Amino acid sequence: MEVLASSSLSPNFTKLHKINPNFSVQVKLWVSRPPKILEASNFRYARNRSNKPKSNANPGLVFVCNRYLCLLERNDRRRFSGKVMMISSVNFRKNVSVALVRLVSVLLVSSISVVTTDSPSCKFDIVTPSQNLGICNLISFVSLGGLSEENLLFLEAWRTIDRAYIDKTFNGQSWFRYRENALRNEPMNTREETYMAIKKMIATLDDPFTRFLEPGKFQSLRSGTQGAVTGVGLSIGYPAASDGSQAGLVVISAAPGGPANRAGVSPGDVILGIDNTTTETLTIYDAAQMLQGPEGSTVELAIRSGPETRFLSLTRERVSVNPVKSRLCELPGSGSNSPKIGYIKLTTFNQNASAAVKEAIETLRGNNVNAFVLDLRDNSGGSFPEGIEIAKIWLDKGVIVYICDSRGVRDIYDTDGSNAIATSEPLAVLVNKGTASASEILAGALKDNKRALVYGEPTYGKGKIQSVFQLSDGSGLAVTVARYETPAHTDIDKVGVTPDHPLPKSFPKDEEAFCACLKDPAAACYLNQGLLFSR
């Protein structure tokens, strides 16, 4: 897994979404029945509609609005939330002056932001008092002095999750009520307090993959999928099974010329701590998030190299990431018939990944390889579209993945073979518990379509797909928008892709040692190349 790349931080996403925080609201107030009231039958947030005939409905107050603030429904006698109370009895309506009504209407409108030119147009609906909306209490906040800029940022985040999140029960809670309670009770006087309120809101979903990203982390996430990231240039993974007693995370590679490489960090070193936090209980995703950060910032690492433990202070910088390493393994044989295996290690799914895999295949083919090994160990994913494109390279036809939401299958990604360049050579795929997300999609597609044999241990089990949304202040949200199933309709969330065969416990993770394990029958990691591709 390329720690500095998006593979560890990022979800699988198809595109970046930018939500405009501004919105428009129109408010109209009637003291007598208007000539005609339209019922908002298609208004998505209407709740608990009355079963009374429309002829018995008393329009009373009617609010016309869109986006964040909701439409108000009120019976003849109703208390607003907060400190505002209005009584719309018949006598009250007869005695209220039109001037006062107009003044209230102007105050309500003046306290709400005006829609900007780039905001999408919205259809307005009218809701009558025959509809009981439990989400309109925000009107009381407006009438009591308006929403602050911090409130609007919180509402922008709330609305983004409301629209996009896969679980429409929001982990069994009233999402609208949470919004009202948060605006009343959560301090949002500074940007830091607002960020904390957003994080607290997201935590109620109990979804580790839906998360808030401060502006610096959001920019790191975006750059990570574009082939360059800001970090220290480390690729990390879990300790091998044979090193189970070893605490910490293992360095798989250090990017040449990167901060860690210049400090002498080498493959096989163990990261014991990051910024005074032990790595014993950290996942590679947690560690990746801690290692990335704004350019020029520092990160403190505790590194064990053999018997020695070192403490390093590294300055993060922008590092270009090559997602692919490849090697030709020539095995013992007779003359020109000696077996040749092309080894391809894919470390992350950034925007260069599919092109890099194609280039590696073509280069190895130039050396007349007989088979391929695709190593996805410790690759925690990245760009979803790149995962799909790489699957198309190896498959002549078939389903790659099913995208599902709360209602079932929503979309199907498949291939007709038009982009395939390597469908005939035997293929083995290597996975471990650090294989996640887009890597699991690829491994599952190759396994279920019987294109490859999968070796290793069960994968991480990240069967959810996230989209990334940018908020108006430069921060962002990674939101779970769907789940996926493999071509065999296997839901691997929290379970992972089950390999066809295990690997030897001491099987190495670098390309040099990999070739040695195929050549030397006396080695503890020996893997017979004939059995490697045999079903």
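Predicted model only: the values in this text are computed from it and were never measured.

Caption draft 1: Molecular detail of the overall build of the protein chain. For the protein chain, the count of helices and strands is 15 helices and 24 strands. Here the analysis covers contacts within the protein chain between residues at least 6 apart in sequence; of these, 74% occur between residues at least 24 apart. Of the roughly 23300 Å² that the protein chain leaves accessible, carbon and sulfur atoms contribute 49%.

Caption draft 2: Structural detail: the pairing of strand 17 (residues 340-346). Burial within strand 17 is extensive, with seven of its seven residues counted as buried. Sheet analysis places strand 16 (residues 324-330) next to strand 17, joined by seven bridges and oriented antiparallel. Bridge pairing in strand 17 places Glu330 opposite Lys340. Where strand 17 meets strand 18 (residues 371-375), five bridges bridge the pair, whose relative direction is parallel. In the sheet register, Lys345 faces strand 18, and the bridge partner there is Asp375. Assessed by its sense of winding, the connection that carries the chain from strand 17 through helix 11 (residues 353-365) to strand 18 is right-handed.

Caption draft 3: Focus on the state of the cysteines. Inspection of the entire model under this criterion finds two disulfides. Cys329 shares a disulfide with Cys515; S-S distance 1.8 Å. As the torsion about the S-S bond is roughly -60°, the Cys329-Cys515 disulfide counts as left-handed. Of this pair, Cys329 sits in strand 16 while Cys515 is found in helix 14 (residues 511-519), placing the two residues 186 residues apart along the sequence. Taking the relative accessible area as the measure of exposure, Cys515 reaches 2% and is therefore buried. Shown here is the disulfide that connects Cys517 with Cys525, its sulfur atoms set 1.8 Å apart. Between Cys517 and Cys525, the disulfide has an S-S torsion of -90° and is therefore left-handed. Here the cysteine-cysteine linkages of the protein chain are recorded as 1-2, 3-4, numbering only bonded cysteines and doing so in sequence order.

Caption draft 4: Structural context of the environment of Ala164. With respect to the secondary-structure elements, Ala164 resides in helix 5 (residues 149-164). Its relative accessible area of 17% is what places Ala164 among the buried residues. Taking the C-alpha atoms as reference points, Ala164 and Val481, separated by 317 residues in sequence, lie 5.7 Å from one another.

Caption draft 5: The pattern of salt bridges, seen in detail. For the coordinates displayed, the defined rule picks out 17 salt bridges. Linking Arg191 and Glu149 is a salt bridge whose minimum nitrogen-to-oxygen distance equals 3.5 Å. Here Arg191, found in helix 7 (residues 191-203), pairs with Glu149, found in helix 5; they are 42 residues apart in sequence, far enough to count as distant. For Glu149, a relative accessible area of 60% puts it in the exposed group.

Caption draft 6: Layout of the packing of helix 5 against helix 7. At a closest axis distance of 9 Å, the pairing of helix 5 and helix 7 adopts a crossing angle of 25°. Taken together, the axis directions place helix 5 and helix 7 in an arrangement best described as roughly parallel. Note that helix 5 runs across helix 7; the crossing there is right-handed. Note on element contacts: helix 7 touches helix 5 through Arg191, Thr194, Tyr195, Ala197, Ile198, Met201 and Ile202, opposite Glu149, Glu150, Leu153, Phe154, Ala157, Trp158 and Ile161.

Caption draft 7: Highlighting the confidence of the model for the protein chain. Residues with a pLDDT of 70 or more make up 69% of the protein chain, whose mean pLDDT is 75. Ignoring residues within four places in sequence, the model shows residues 1-144, a span with pLDDT below 50, making 325 contacts including any to other chains. Considering only residues more than four positions removed or in separate chains, one finds that residues 241-245, a stretch of pLDDT under 50, has three contacts.

Caption draft 8: Expanded view of the nonpolar core. Counting 71 residues, the largest nonpolar core has Ile161, Leu346, Leu374, Trp394 and Val429 as its most contacted members. In terms of residues, this core owes the most to one element, helix 5, which gives eight residues. When residues of this core are sorted by domain, at least three fall in each of domain 1 (149-206) and domain 3 (324-533). Apart from the residues within four sequence positions on either side, Ile161 is in contact with Phe170, Trp175, Met201, Ile202, Leu205, Leu477 and Val479.

Caption draft 9: Up close: the side chain of Lys462. In this fold, Lys462 is placed in the loop between strand 22 (453-456) and strand 23 (464-470). Although Lys462 lies buried, it forms no salt bridge, and the closest oppositely charged side chain, Glu440, sits 7.2 Å away as judged by the N-O distance. Engagement of the side chain of Lys462 in a polar contact is seen with the side chain of Ser437, the distance being 3.4 Å.

Caption draft 10: Just the packing of aromatic side chains, in detail. Inspection of the entire model under this criterion finds 10 aromatic pairs. Judged by centre distance (5.7 Å) and plane angle (55°), the ring pair of Trp158 and Phe176 falls under tilted. With Trp158 in helix 5 and Phe176 in helix 6 (residues 175-185), the pair connects residues that are 18 residues apart, well separated along the chain. Pairwise contacts between aromatic rings join Trp158, Tyr165, Phe170, Trp175, Phe176 and Tyr178 into one cluster. Geometry around Trp158 places Arg179 over its ring, the cationic atom sitting 4.4 Å from the centre. Note that Lys462 overlies the ring of Phe209, its terminal NZ or CZ placed 4.7 Å from the centroid.

Caption draft 11: How the structure looks around unusual backbone geometry. Positive phi, normally seen in glycine, also occurs at Phe170, with a value near 50°. Within the fold, Phe170 resides in the loop between helix 5 and helix 6. Look at Asn171: it is not a glycine, yet its phi comes out positive at around 60°. Assessed through its relative accessible area of 40%, Asn171 is described here as partly exposed.

Caption draft 12: View of the sheet that holds strand 22. Strands sit in the order 16-17-18-21-22 across an open sheet of five strands; the sheet is mixed. A strand with exactly one partner marks an edge of an open sheet, and here the two such strands are strand 16 and strand 22. The sheet shows a mean angle of 20° between the axes of neighbouring strands, direction not considered. Relative to the sheet, helix 13 (residues 438-448) contacts strand 17, strand 18, strand 21 (427-431) and strand 22, its axis offset from that of strand 21 by approximately 140°.

Definitions and cut-offs
- Residues numbered from 1 in each chain as written.
- Predicted model: local features only at pLDDT ≥ 70, side-chain atom pairs only at ≥ 80, totals over all residues.
- Heavy atoms only, no water.
- Helix = DSSP H or I, 4+ residues; strand = E, 2+ residues; numbered from the N terminus.
- Contact = heavy atoms within 4.5 Å.
- Areas by Shrake-Rupley, 256 points an atom, 1.4 Å probe, with all protein chains shown as cover.
- Buried < 20%, exposed > 50% of the residue type's maximum accessible area, 1.4 Å probe, protein only.
- Pairing = 2+ DSSP bridges.
- Right-handed = clockwise from strand over helix to strand, strands pointing away.
- Disulfide = S-S within 2.5 Å.
- Salt bridge = Lys/Arg side-chain N within 4 Å of Asp/Glu carboxyl O.
- Axes fitted to C-alpha atoms, helices over the stretch in contact; angles between N-to-C directions.
- Parallel < 35°, antiparallel > 145°, perpendicular 65-115°, else oblique.
- Left-handed = near helix turned anticlockwise from the far one by under 90°.
- pLDDT = per-residue confidence, 0-100.
- Core = buried A, V, L, I, M, F, W, Y, C linked by side-chain atoms within 4.5 Å.
- Domains from an automatic or database assignment.
- Lys, Arg positive; Asp, Glu negative; His and termini not counted.
- Polar contact = N/O pair within 3.5 Å; in protein donor to acceptor, adjacent residues only side chain to side chain.
- Phe/Tyr/Trp six-rings, centres within 6.5 Å; stacked < 30°, edge-to-face > 60°.
- Lys NZ or Arg CZ within 6 Å of the ring centre and 35° of its normal.

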